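# Close look at the chain arrangement
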Number of protein chains: 2
Amino acid sequence: MTTTPETLIVIGGDAAGMSAASQARRLKGPEELKIIAFERGHFTSYSACGIPYWVGGDVKSPDDLIARTPDEHRAREIDLRMRTEVTEIDVEGRRVKSRNLKTGNDVWTHYDKLVIATGARPVRPRIPGIDAPGVHGVQNLDDGQALLDTLKETKGRRAVVVGAGYIGVEMAEAMIKRGYEVTVLNRGEQPMATLDPDMGALVHEAMNGMGITTVSGAEVTKILTDSDGRVSGVATEESSYPADVVILGIGVTPETTLAKAAGLPLGASGGLVTDLSMRVRGHDDIWAGGDCVEVLDLVSGRPRHIALGTHANKHGQIIGANVGGDYATFPGVVGTAVSKVCDLEIARTGLLEKDAKAEGLQFVTVRIESTSRAGYYPGASLMTVKMTAERRTGRLLGVQIVGREGAAKRVDIAAVALTAKMTVESMTALDLGYAPPFSPVWDPVLVAARKAATAVRKAGA
Amino acid sequence: MTTTPETLIVIGGDAAGMSAASQARRLKGPEELKIIAFERGHFTSYSACGIPYWVGGDVKSPDDLIARTPDEHRAREIDLRMRTEVTEIDVEGRRVKSRNLKTGNDVWTHYDKLVIATGARPVRPRIPGIDAPGVHGVQNLDDGQALLDTLKETKGRRAVVVGAGYIGVEMAEAMIKRGYEVTVLNRGEQPMATLDPDMGALVHEAMNGMGITTVSGAEVTKILTDSDGRVSGVATEESSYPADVVILGIGVTPETTLAKAAGLPLGASGGLVTDLSMRVRGHDDIWAGGDCVEVLDLVSGRPRHIALGTHANKHGQIIGANVGGDYATFPGVVGTAVSKVCDLEIARTGLLEKDAKAEGLQFVTVRIESTSRAGYYPGASLMTVKMTAERRTGRLLGVQIVGREGAAKRVDIAAVALTAKMTVESMTALDLGYAPPFSPVWDPVLVAARKAATAVRKAGA
């Protein structure tokens, strides 16, 4: 007796989608589960986070950014349909409509189980000139290639980056490496709005030191073009900046157009709402993960949208396990993020001061400066650690670090402490690795914890 | 009305003792607390861990290793008596006898409160020739200077290091840097007995790659000397090794001769036994900290002796707080240690397999290899992570890491997880910092946690 295999459809061929497909395939063979994956682009399972390093020249080929090619997926019996865009989800009828982008043909395909991994799309302000040649987003490998093609053709060496978040600062570094004169236009007062302003100011200062011009409070109103219609500059409310190439690094928003049209639940962030098993709420046979979903922030207890490859990979793994009949959950995040601009390392986890305020939390904050290694050991460099702890309970609420080599990954100490809901007092006793090449005798995180614990006590009753 | 100040006596002028004195002084002025500290050597508050880097030439002067000089302590109204050795503690009479090493004079001094911070002494095997010129320990700054003096006078370039623990491998690197031909004689089968043998083997292999000869199973029987009585080699049970200089790096034992003679409680390790406030058990007015005490291992629940500057500093801080009328405790350690030999980074925390067995624990172990950065990012290097978890509960028991740049401090993730008694399953969801320059999309620790969680499930009932 043979049974008909169930059909799993995956929408989106990058981290979350293909991790889910691969994990499901590991658990169930094709005789039990047919897997069809749709990807509208040219690439699968690639590292979008690697694009700045490819553009900057540290990574030689886009192939290096691809963890698994379409053929590798197909070899594992995943029916992968490239350049095929899903245009509709019929939840009631358990089917999706897809369009072959080469032929324009539309077909409906039935599913028993569905995984939505449609990712995020870059924010593109609706301003004049935004679609002019020479204006580039950097969301996917196609975008990266298009930018590199532009750079090859462009003689001028002036680059304007719009946005001073992760993508903005990483792209600023990439363009510096390519020998461009780089101006970063930032809507806010400090770069890295994912940091508190006082920590963002340290990044600002360091960026200036690298020769990056950073303009604060810059509201972009228009992309300027030359007589050929090609980009020639960027106008803000107050000024204008000549540009041979413009890079948009304003951030991303969940790509949930399909899901919304299908009536699936979206949260305040626009991301899909799932349960802990990454199943879309109210829909037993639909899962979603990666940049198109909201995740639970374990520190605030509220949902957030965070587009980050490491979460997408975890989601995919968890969805694949559940779809494949195993069991796994995604408990949530604590908001850890690290980034690098030239030799500056930037890290954060937990809540910013404004986040904590918005949750009604009262807290103390401390800032300390210490070194990455024993002060006498060659290469020791300064880092600033900011720590926030709840008043009374002393519970750790957040940590931000700005420094040089060895600074960023220290945030992991705080990420684990946040997960474990430790107090700053208990953190002062943490048995962290000490040897002169790696840390002063008091690790900078311990120094901050001691100061925070004292501040909690002083804030007292 | 004036009251007579109490007298605090501190025995030992390095990390634990002088941190205690300084912290007590911060809390109580001289009108309330008189502080007398005795140090038999020439230096105070120095980093013994920095000696290999001074000998190796990375640190130019012993002054760089001194956090606070005698005069700086005196400026803070601590009555510091250098070159003065305490020779007896009279617990009943609340007084200590000290000898001025310059004059030979003995005096008794009364105390109200006593801090014992006598440190550790290097293990010196009782074998012929052990006191020959050219044989050096490296426990304190005086030792370091003596070794450097020897190196200056010695023409030959053959160094033999006895012992392959932290001090042994760090000194091997130092001597390589000085252009010596280095042989490390190791009693065990693998260097770094603080690692499981399979991880020690990775260090062994890497040391060979650095041009360090490592001899396993080498039981040293005799120091060979020339006609002048100066060291000329080291004999083992099976062979002999010519040497122009011999460095002892066999480990240390708590220096508790005084405490033992005074009838204070010592544990199985020979270290003083204290309560959580670092007070010597059964003695309300005597505290002890640093390399002369036992500490609670939070993973095994048993006392251990660990000589490490970072613990000594914490102890000092805690003792000083309690002596000064504040309140602080040292909950214990999880056994974290990191070290570096050339570009090899070595880290461990928690229990070794043999430790876990000795505690009656059943466990699974996994080993994974991953990279320090995204595979495509320049400078990504391999690291091996070994993880041990308890059977059934899945509680993390230990992590060991051997790799290159970026490997060692990752052990802090595990150190916090051990403190929080996390399971490896819960560790798989940790929100660790991810960006291509700092980590693959799955941090090596997450990769190990996933494999360990699977192993726990497979070990099943």
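Summarised in this report is the structure supplied together with it. (Residues numbered from 1 in each chain as written. Chains lettered and ligands numbered in written order. Predicted model: local features only at pLDDT ≥ 70, side-chain atom pairs only at ≥ 80, totals over all residues.)

For chain A, the count of helices and strands is 12 helices and 25 strands. Taken over the C-alpha atoms alone, chain A extends approximately 70 × 60 × 40 Å along its principal axes. The burial tally for chain A puts 55% of its 461 residues in the buried class. Across chain A, the fraction of contacts at a sequence separation of at least 24, relative to all contacts at a separation of at least 6, is 64%. (Helix = DSSP H or I, 4+ residues; strand = E, 2+ residues; numbered from the N terminus. Buried ≥ 20, exposed ≤ 12 C-beta atoms within 10 Å, placed from the backbone. Contact = placed C-beta atoms within 7 Å.)

Its place among the elements puts Lys451 of chain A in helix α12 (residues 444–459). For the pair Lys451 of chain A and Val366 of chain A, spaced 85 residues apart in sequence, the C-alpha separation works out to 6.6 Å.

We now examine the interface of chain A and chain B. Of the residues lining the interface, 50 residues belong to chain A; the matching set on chain B comes to 50 residues. For the side of chain A that touches chain B, the secondary-structure elements that each account for two or more residues are α8 (309–323), β21 (337–341) and α10 (411–419) of chain A. No other element matches α10 of chain A, which puts 7 residues into the side of chain A that touches chain B.

Within soluble globular proteins, side chains that are nonpolar generally end up buried alongside one another. Val115 of chain A together with Val115 of chain B are the most contacted members of the largest nonpolar core, which totals 302 residues. For Val115 of chain A, the residues in contact, after removing those within four places along its chain, are Leu8, Val10, Ile11, Gly17, Ala20, Trp287, Ile319 and Val323 of chain A. (Core = buried A, V, L, I, M, F, W, Y, C linked by C-beta atoms within 7 Å.)

Here we come to the relation of the copies chain A and chain B. For the match of chain A to chain B, the screw axis carries a shift of 0.0 Å, the RMSD comes to 0.0 Å, and the turn is 180°. The transformation relating the two chain copies, once decomposed into turn and shift, fits a two-fold axis. Interface overlap between copies: 100% of the residues of chain A at the interface are likewise at the interface in chain B, consistent with a symmetric, same-surface contact. (Least-squares fit on C-alpha atoms with pLDDT ≥ 70 in both.)

Before going further, it helps to examine unusual backbone geometry. Even without being a glycine, Arg83 of chain A presents a positive backbone phi close to 50°. Position of Arg83 of chain A relative to the elements: it lies in the loop between β3 (79–82) and β4 (84–90). For Arg83 of chain A, a count of 14 C-beta atoms within 10 Å corresponds to the partly exposed category. Of note, Met278 of chain B is a non-glycine position whose phi angle comes to about 70°, a positive value. By the element assignment, Met278 of chain B lies in the loop between α7 (257–261) and β18 (286–288).

Residues and elements named next belong to chain A. Relative to each other, helix α1 (residues 15–27) and α8 sit at 30°, their axes nearing to 7 Å. When the axis of α1 is compared with that of α8, the two are roughly parallel. The handedness of the crossing between α1 and α8 is right-handed. The residues of α8 that touch α1, namely those facing Ala15, Ala16, Gly17, Met18, Ser19, Ala20, Ala21, Ser22, Gln23 and Ala24, are Gly309, Ala312, Asn313, His315, Gly316, Gln317, Ile319, Gly320, Ala321 and Val323. (Axes fitted to C-alpha atoms, helices over the stretch in contact; angles between N-to-C directions. Parallel < 35°, antiparallel > 145°, perpendicular 65-115°, else oblique. Left-handed = near helix turned anticlockwise from the far one by under 90°.)

As a further point, take α12 of chain A. Counted at 1.5 Å a residue, the expected span for α12 of chain A with its 16 residues is 22 Å, and the 22 Å between its end C-alpha atoms agrees. Elements in contact with the buried residues of α12 of chain A: β23 (363–371), β24 (382–390), α10 and α11 (424–427) of chain A. (Expected span 1.5 Å × (residues − 1).)

So yeah, pure geometry; function would need other evidence.
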